[in-house]
Amino acid sequence: MKKILSCFLVCAFLCTGLYGCGSKKTELIEEAKDLTLSQEISITPEQNDYGIPAYNFLKHIQSNYPGRVAGTEKETEMAVFILSVLLNGGYAESDIAIESFEIDDSTPMMDEAIQNVFDGGEKSNSSQNILITKKGESEKTIIVGAHYDSAGTHGVDDNGSGVSVALENALRMVNTPTYYTIQYVFFGSEEPGMYGSRAYVESLSEKERENIILMINIDTVLAGDYLYLYGGKVNDNGTVDNTEAVFKAYEIVKEIGLNIQLPPDGNNDYPYPTGQKRSDHAPFNDIGIPYIYFEANNWENGSPVETEKNGLIMHTDMDDLDFIENEYSGRVQNTLSSYSILLYSLLQENNWEQ
Ligand SMILES: [Zn+2]
């Protein structure tokens, strides 16, 4: 009994907030291996089909993983799905780490009432990040992040879309040589207060921090009227610096000819071009890591209200692929392909360190 108890305590200690929690990783990976993926979502991306694999992932998320509420069974099932896609797409178990952390519901991220259509099943106070490392020539690392939990909705906009774009890219890059090391991080439990990204940043050693030269956060890129890029750190006096990365990314947008823009200037609550601390880039920004944040939204009236026609889609029962496709013909494919092209292009650059 004592032995069992002490093992339990030691194991529980090791599994709190540290990399590579062995048993949880093994458990999730075994489940991922048992999952059979349909033909449609197990194909390797072709050279020029940007956004198509992402769309297929999103359709699968819509049908199978609604209500991925932080800490619930559905959130864990989604983690298993992500692992299954990555293993099937050519990543080895040794490329993957699972980072476990604890959550509570005391700090809801947004004021807007969340319409809970799905509850996600049984709830615990535990969640996890999924980390996949694709080595480059350099140890210097670009993080590509997307949270996979959701409100009690289908969560295709927030944030099945970001997960799908990141997954497509991970499969595209698996055998593509890059100068920088890329680490994809699928964050758990963003909605109740960015638990996953905060746990990730807190766990970094000094050397790991120094090696991260850029964080690209993809959150809610499906339904908004316009496609945006944000970046930069707001100082105590209201000025913004650390904007080099986002302006460089915007130059790349213009070179390619994508219809993606910087947010409008003029709102003191959201100093240009930051879009502010509304997602998983925030903990990285707080420790001075440059970020680029992809989001589809509508800032024409000075604050983030996703669509002119329906207001906010995220966190409402309108965050549903069928609804979004019916309301906004062609938007979903266009958005996924634009951000997929941009992400791929940004990861081809070998001069992010300035
Ligand atoms: Zn989100």
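Residues numbered from 1 in each chain as written. Predicted model: local features only at pLDDT ≥ 70, side-chain atom pairs only at ≥ 80, totals over all residues. Heavy atoms only, no water.

**Focus: the coordination of the zinc ion**
In ideal tetrahedral geometry, four donors around a metal make angles of 109.5 degrees, whereas ideal octahedral geometry with six donors gives angles of 90 or 180 degrees. Our working rule: Each metal's donors are the N, O and S atoms within 2.8 Å of it, or within 3.2 Å when it is Na, K or Ca, and because water is not part of the set, sites may look incomplete. By the criteria applied here, four donors are tetrahedral when all angles lie between 85 and 135 degrees, four are square planar and six octahedral when opposite donors are over 155 degrees apart and every other angle lies between 65 and 115, and any other arrangement is irregular. Numbering of helices and strands runs from the N terminus, with a helix taken as a DSSP run of H or I at least four residues long and a strand as a DSSP run of E at least two residues long. For every residue, the accessible area obtained with a 1.4 Å probe (protein chains only) is divided by the maximum for its type, and the residue is called buried under 20%, exposed over 50%, and partly exposed between those limits.
Within the protein, the atoms that donate to the zinc ion are His147 (NE2), Asp158 (OD), Asp219 (OD) and Asp219 (OD), at distances of 2.0 to 2.6 Å. One way to put it: the four donor atoms around the zinc ion meet at angles of 54 to 148°, and that makes the site irregular. The sequence pattern describing where the donors of the zinc ion fall on their chain is H-x10-D-x60-D. One end of the pair, Asp158, is in helix α5 (residues 156-173); the other, Asp219, is in the loop between β5 (212-218) and β6 (226-230), and 61 residues separate them in sequence. Among the residues examined, Asp219 registers a relative accessible area of 4% and is labelled buried.

**Structural notes on the UniProt feature "domain: Peptidase M28" (unreviewed entry) in the chain**
As a reminder of what qualifies: UniProt positions are given in the numbering used here, feature names are shortened, and annotations may be inferred rather than shown by experiment.
Those places that UniProt annotates as "domain: Peptidase M28" (unreviewed entry) correspond, in this numbering, to residues 129-338. Structurally, residues 129-338 is divided into 31% helix and 20% strand, and its ends, taken at the C-alpha atoms, are 26 Å apart.

**Here's the deal with the sheet that holds strand β2 (residues 126-134)**
Put simply, the rule is: Only strands joined by at least two bridges in the DSSP assignment are considered to pair. Orientation is described by axes fitted as lines to C-alpha atoms, over the contacting stretch for helices, and by angles from 0 to 180 degrees between their N-to-C directions. The contact definition used throughout considers only heavy atoms, calling two residues in contact when any of these lie within 4.5 Å.
The strand order β1-β2-β4-β3-β5-β9-β6 describes an open sheet built from seven strands, whose pairing is mixed. Edge positions in the sheet fall to β1 (96-102) and β6, since each of these pairs with one other strand and no more. On average, each strand axis in the sheet is inclined to that of its neighbour by 20°, with strand direction left out of account. Of the strand pairs in this sheet, strand β3 (residues 141-147) and β5 are connected by five bridges, and their pairing is parallel. Within the sheet, the bridge partner assigned to Val144 lies in β5 and is Ile216. Its contacts with the sheet place helix α6 (residues 195-203) against β1, β2, β3, β4 (181-187) and β5, and it is angled at close to 110° to β1. On top of the sheet, helix α8 (residues 244-256) reaches β5, β6 and β9 (291-297); it is set at about 140° to β6, its chief contact.

**Quick notes on the pairing of β4**
Of all seven residues that make up β4, seven are buried, and the element is covered over most of its length. Neither face of β4 is left uncovered, since the one carrying Thr181, Gln183, Val185 and Phe187 and the one carrying Ile182, Tyr184 and Phe186 both have all their residues buried. In this structure, β2 lies alongside β4, joined through five bridges in antiparallel fashion. The partner of Ile130 across the bridge, within β4, is Phe186. For β3 and β4, the ladder comprises seven bridges, and the chain directions are parallel.

**With respect to empty space enclosed by the protein**
Test applied: Here a cavity is any set of points on a 1 Å grid over the protein atoms alone where a 1.4 Å probe fits but cannot get out, and a pocket is any open set with protein on both sides within 12 Å along at least 5 of 7 lines; a residue lines the site when it has an atom within 4 Å of a point. Grid points are joined across faces, edges and corners, and a volume is the space filled by probe spheres set on the points. Amino acids are sorted into nonpolar (Ala, Val, Leu, Ile, Met, Phe, Trp, Tyr, Cys and Pro), charged (Asp, Glu, Lys and Arg) and polar (every other residue, Gly among them).
Counted under the stated rule, the structure contains one cavity of 30 Å³ or more. The computed volume of the largest cavity comes to approximately 30 Å³. Of the residues contributing to the lining of the largest cavity, the split by class is five nonpolar, four polar and no charged.

**Things to note about the nonpolar core**
Short version of the rule: For the purposes of this section, nonpolar cores are sets of buried Ala, Val, Leu, Ile, Met, Phe, Trp, Tyr and Cys residues that join through side-chain atoms within 4.5 Å.
If you look at the biggest cluster of nonpolar residues, it comprises 76 residues, and the most contacted ones within it are Tyr184, Phe186, Leu229, Phe294 and Trp352. Leave out the neighbours within four places in its chain, and Phe186 touches Ile82, Leu86, Gln128, Asn129, Ile130, Ile132, Ala146, Tyr148, Val163, Ala166 and Leu167. Listed in part, the 17 residues of the second largest apolar core include Val185, Ile212, Phe284 and Tyr293.

**Some details on the pattern of salt bridges**
Put simply, the rule is: Put simply, a salt bridge is a Lys or Arg side-chain nitrogen that is within 4 Å of an Asp or Glu carboxyl oxygen.
Inspection of the entire model under this criterion finds 13 salt bridges. Residues Lys248 and Glu349 are paired through a salt bridge, measuring 3.2 Å at the closest nitrogen-oxygen approach. Here Lys248 is found in helix α8, whereas its partner Glu349 is found in the segment after α11 (331-348), with 101 residues between them in sequence. Of the residues examined, Lys248 reaches a relative accessible area of 18% and is grouped as buried.

**Description of the packing of helix α3 (residues 52-64) against α5**
This is how it is decided: An angle below 35 degrees is read as roughly parallel, one above 145 as roughly antiparallel, one from 65 to 115 as roughly perpendicular, and any other as oblique. Take the far helix as the reference: if the near one is turned anticlockwise from it by less than a right angle, the crossing is left-handed, and if turned clockwise, right-handed.
Running from amino to carboxyl end, α3 crosses α5 at an angle of 135°, the nearest separation of the two axes being 8 Å. As summarised for this structure, α3 and α5 are arranged oblique, according to the angle between their axes. Handedness of the α3/α5 crossing: right-handed. In this structure, α3 uses Ile52, Pro53, Ala54, Phe57, Leu58, Ile61 and Gln62 to contact α5, whose residues at the interface are Val156, Gly160, Ser161, Ser164, Val165, Leu167, Glu168, Leu171 and Arg172. Counted by class, the contact of α3 with α5 contains ten nonpolar, four polar and two charged residues.

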